[in-house]
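Descriptive analysis of the structure
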Amino acid sequence: MSDSKRICLDSDPVNELEIDEDDDTPLGDFYFATGKNKNIIKWRKSPSQPANVRTRASNIVVRLPGTKGAAQTARSERDCFDLFFDDKVVQVIVSSTNIYIASLRQKFSRERDAKDTDATEVRALFGVLLLTGCLGANRKNSIGIWDNSRGSGIESCYLSMSQRRFHFLLRCLRFDDIRDRDQRKEIDRLAAIRELFELVINNFQRYYTPSEYTIVDEQLVKFRGRCPFKMYIPSKPGKYGIKIFSLVCAKTMYTVNLEIYPGKQPEGPYKLSPSADDVTIRICEPIVGTNRNVTTDNWFTSIQLAETFFCEKKLTLVGTIRANRLGVPDDFKPNKNREVHSSIFAHHKEKTIVSYCTKKNKVVVLVSTMHHDQNIDPDSGDLHKPEIVSFYNKTKVGVDSVDQMCAKYDCSRNTKRWPMVIFFDLINIAGINASRVFSFNNNQIVRRRIFIEKLAWDLIEPQIRKRLDSPSLPNDLKVRARKLLGIEDPRRPLPAPRDNKVGRCYMCARARDRSTRKCCDLCGHKVCPEHSSIVCHSCIKQQ
């Protein structure tokens, strides 16, 4: 009987069988390994519990996966995204950005070039970033995005804000009060992004419960600018960037928790242990006590971590482990005499360890507190993979899948500021999480591209409506905006009696300053030859 997680609210737990280390079992039935503090670990060669037993208590999940709290009533794309970037998060961005804009205002000759932003405009900026990322234009020169003369631009973008305003907002976007940042940096290297990051992560955890299978891994957000904790990982596609540890649901790819690696922090409350065991324990804090399983790779996995998870945190663990780690028997290490696709199992209390020979003189070692048998996966065919190996292969791709989804519709733009890189990553992940909430609440699978396009429009639309009331917006843009919003163009009041005086064409942009003497016969406004046409009387009568 293979071990698996079962979701159950009412179940009688089964007491686990303890191994008596002082029994009279022959020594030939054990593998011996050096453990922590140089103590000897005796690994049994055979399982300590019969195969046909009820589900263990450690494999019964008592918190049902899915949305919770206010997320249960979120039905639209905008409502799902606002769960994570809520009013409090947006207000932090607005207030911090306005503080920085105020410090720059004296450098501008015109006040309107450095005016304060508001929540509507900031959300529209989110929408523009999401839309350009969805259309693959995130790295495209903004001149092409805002080009509305030849039809190559994105209409939603240039109707929501000007190109100059877009660049100004990206330049001034801040996530903390710059006036006291230097004081906070003395104890925290993440002071520039700390408040926003924690607010968004708390929202990730507040509104969704992951499935019974989760994964802990690291992601590298690409960045080559100046950053005191920039990492170089040659195995990653970007090689240089900011390392972020992630806890992700293995079924839905919902990101539950994130932790930025800040390097060596100054003395203070933010100085935390960087060891693999401590990092894994901290990032799994939201699911402690739920009997969920955590899949890890060999950087995180250790025998001590498996024991801590099972005994103290009420979590099971399945992960690859380096063969030279403490507690791994010598017989489990690579051996040229091992038969290819052969497996060696061992058991110690709640732990099961397996060494699977993938090819000549190469093995992969895994430890599990979820599996307690020596079953071979029948679907693996001639490979004869143990069920532990098959389970690991199915659940190990969560964080990598999130990285791929972020890269496919990436909203990030070129920047030299590392807080902006983290901000763009939060936008990408929030978009993925929002699509998972939307699919769960509406009980349907939606294509992420369609979801992002609809979400971007819902964020941009209020800003376009607000711009319609601006007297400085050119008339041709107002016409396009009304058409895009489905608003009927209001009938303009007749101007003064038509005359032969020179006037500016009311349909041309102010910068073109076209003068004309002609007037429209219906509304009486001045029009240039480009915006007028000659129609004969017979054609008018046929209409």
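For clarity, every value in this text was computed on a predicted model and none was experimentally measured.

Here is what the cut-offs are and how they apply
- Residues numbered from 1 in each chain as written.
- Predicted model: local features only at pLDDT ≥ 70, side-chain atom pairs only at ≥ 80, totals over all residues.
- Heavy atoms only, no water.
- Helix = DSSP H or I, 4+ residues; strand = E, 2+ residues; numbered from the N terminus.
- Rg over C-alpha atoms; globule rule 2.2 N^0.38 Å.
- Contact = heavy atoms within 4.5 Å.
- Areas by Shrake-Rupley, 256 points an atom, 1.4 Å probe, with all protein chains shown as cover.
- Lys, Arg positive; Asp, Glu negative; His and termini not counted.
- Charge placed at Lys NZ, Arg CZ, Asp CG, Glu CD.
- Expected span 1.5 Å × (residues − 1).
- Bend = angle between axes of the 7 residues up to and from the residue.
- Buried < 20%, exposed > 50% of the residue type's maximum accessible area, 1.4 Å probe, protein only.
- Salt bridge = Lys/Arg side-chain N within 4 Å of Asp/Glu carboxyl O.
- pLDDT = per-residue confidence, 0-100.
- Axes fitted to C-alpha atoms, helices over the stretch in contact; angles between N-to-C directions.
- Parallel < 35°, antiparallel > 145°, perpendicular 65-115°, else oblique.
- Left-handed = near helix turned anticlockwise from the far one by under 90°.
- Phe/Tyr/Trp six-rings, centres within 6.5 Å; stacked < 30°, edge-to-face > 60°.
- Pairing = 2+ DSSP bridges.

1. Overview of the overall build of the protein chain
When its secondary structure is counted, the protein chain shows 16 helices and 17 strands. By the compact-globule yardstick of 24 Å for 543 residues, the protein chain is too spread out, its C-alpha radius of gyration being 31 Å. Referenced to the eigenvectors of the C-alpha coordinate spread, the extents of the protein chain come out at roughly 115 × 60 × 45 Å. Across the protein chain, every contact between residues at least 6 apart in sequence was considered, and the portion connecting residues at least 24 apart equals 66%. A total of about 27,700 Å² of accessible surface is found on the protein chain, and carbon and sulfur atoms cover 49% of it. Computing the positive centroid from 89 side-chain charges and the negative centroid from 66, the protein chain places the two 10 Å apart.

2. Some remarks on helix α14 (residues 448–467)
Over its 20 residues, α14 runs 29 Å from end to end, which matches the ideal 28 Å to within 8%, given 1.5 Å per residue. At I460, α14 is bent by approximately 30°, the largest bend along its length, and proline P462 sits one to four residues beyond. Here α14 has its buried residues at R448, F451, I452, L455, A456, D458, L459, I460, E461, Q463, I464 and R467. Those residues of α14 that are buried lie in contact with α1 (77–82), α3 (119–134), α5 (155–160), α12 (398–408), α13 (418–442) and α15 (475–485).

3. Things to note about the pattern of salt bridges
Per the stated rule, a full pass over the model turns up 25 salt bridges. Residues D188 and R194 are paired through a salt bridge, measuring 2.8 Å at the closest nitrogen-oxygen approach. Residue classification places R194 among the buried positions, given a relative accessible area of 18%. Here R282 ties to E259 by a salt bridge, and the two come within 2.8 Å at their closest N and O atoms. In this pair, R282 is assigned in helix α9 (residues 276–283) and E259 in strand β10 (residues 255–260), connecting sequence segments 23 residues apart.

4. Here's the deal with the confidence of the model for the protein chain
Looking at the protein chain, pLDDT values average 87 and 91% of them are 70 or higher. Of all helices and strands in the protein chain, the one with the weakest mean pLDDT is helix α16 (residues 537–542) (66), whereas β10 scores best (97). Overall, residues 10–21 carries pLDDT values under 50, and its contacts beyond four positions in sequence, including any with other chains, amount to 21 contacts.

5. Some remarks on the packing of helix α8 (residues 194–206) against α13
Packed helices, taken two at a time, are described by the angle between their axes plus the distance between the axes. Axis separation between α8 and α13 bottoms out at 11 Å; the angle between their running directions is 15°. Between α8 and α13, the crossing angle belongs to the class labelled roughly parallel. Crossing hand, α8 versus α13: left-handed. Only I422, F423, L426, I429, A430 and N433 of α13 make contact with α8, whose side of the interface consists of L196, F197, V200, I201 and F204.

6. Quick look at the packing of aromatic side chains
What the rule picks out here adds up to 20 aromatic pairs. Where Y208 meets Y254, the ring centres are 4.3 Å apart and the plane angle is 25°; that geometry is what we call stacked. With Y208 in strand β6 (residues 208–209) and Y254 in the loop between β9 (240–249) and β10, this residue pair connects regions lying 46 residues apart in the sequence. Summarising the burial analysis for this pair, Y208 and Y254 share the class buried. Seen in terms of ring centroids, F229 and W418 are 5.0 Å apart; in terms of plane orientation they differ by 75°. Their pairing is edge-to-face.

7. A few points about the packing of helix α2 (residues 87–104) against α8
Axis separation between α2 and α8 bottoms out at 10 Å; the angle between their running directions is 170°. The orientation of α2 relative to α8 falls into the category roughly antiparallel. Crossing geometry of α2 relative to α8 is assigned as left-handed. When α2 is examined against α8, the residues K88, V89, V92 and I93 are found in contact with a partner set consisting of E195, L196, L199, V200 and N203.

8. As for α3
Across its 16 residues, α3 extends 22 Å between first and last C-alpha, which sits within 8% of the 22 Å expected from 1.5 Å per residue. Counting buried positions along α3 yields 14 of 16 residues, so the element is predominantly enclosed. Positive phi shows up at G136, right after α3, with a value of about 75°.

9. So, the pairing of strand β13 (residues 343–348)
Within a regular strand, the side chains alternate between the two sheet faces. Of all six residues in β13, five are buried, a share of seventy percent or more. Pairing of β13 with strand β14 (residues 351–359) involves six bridges; the strand directions are antiparallel. Looking at the pairing, H347 lines up with T352 of β14. Where β13 hands over to β14, the hairpin turn is made up of two residues, of which K349 adopts a positive phi near 55°.

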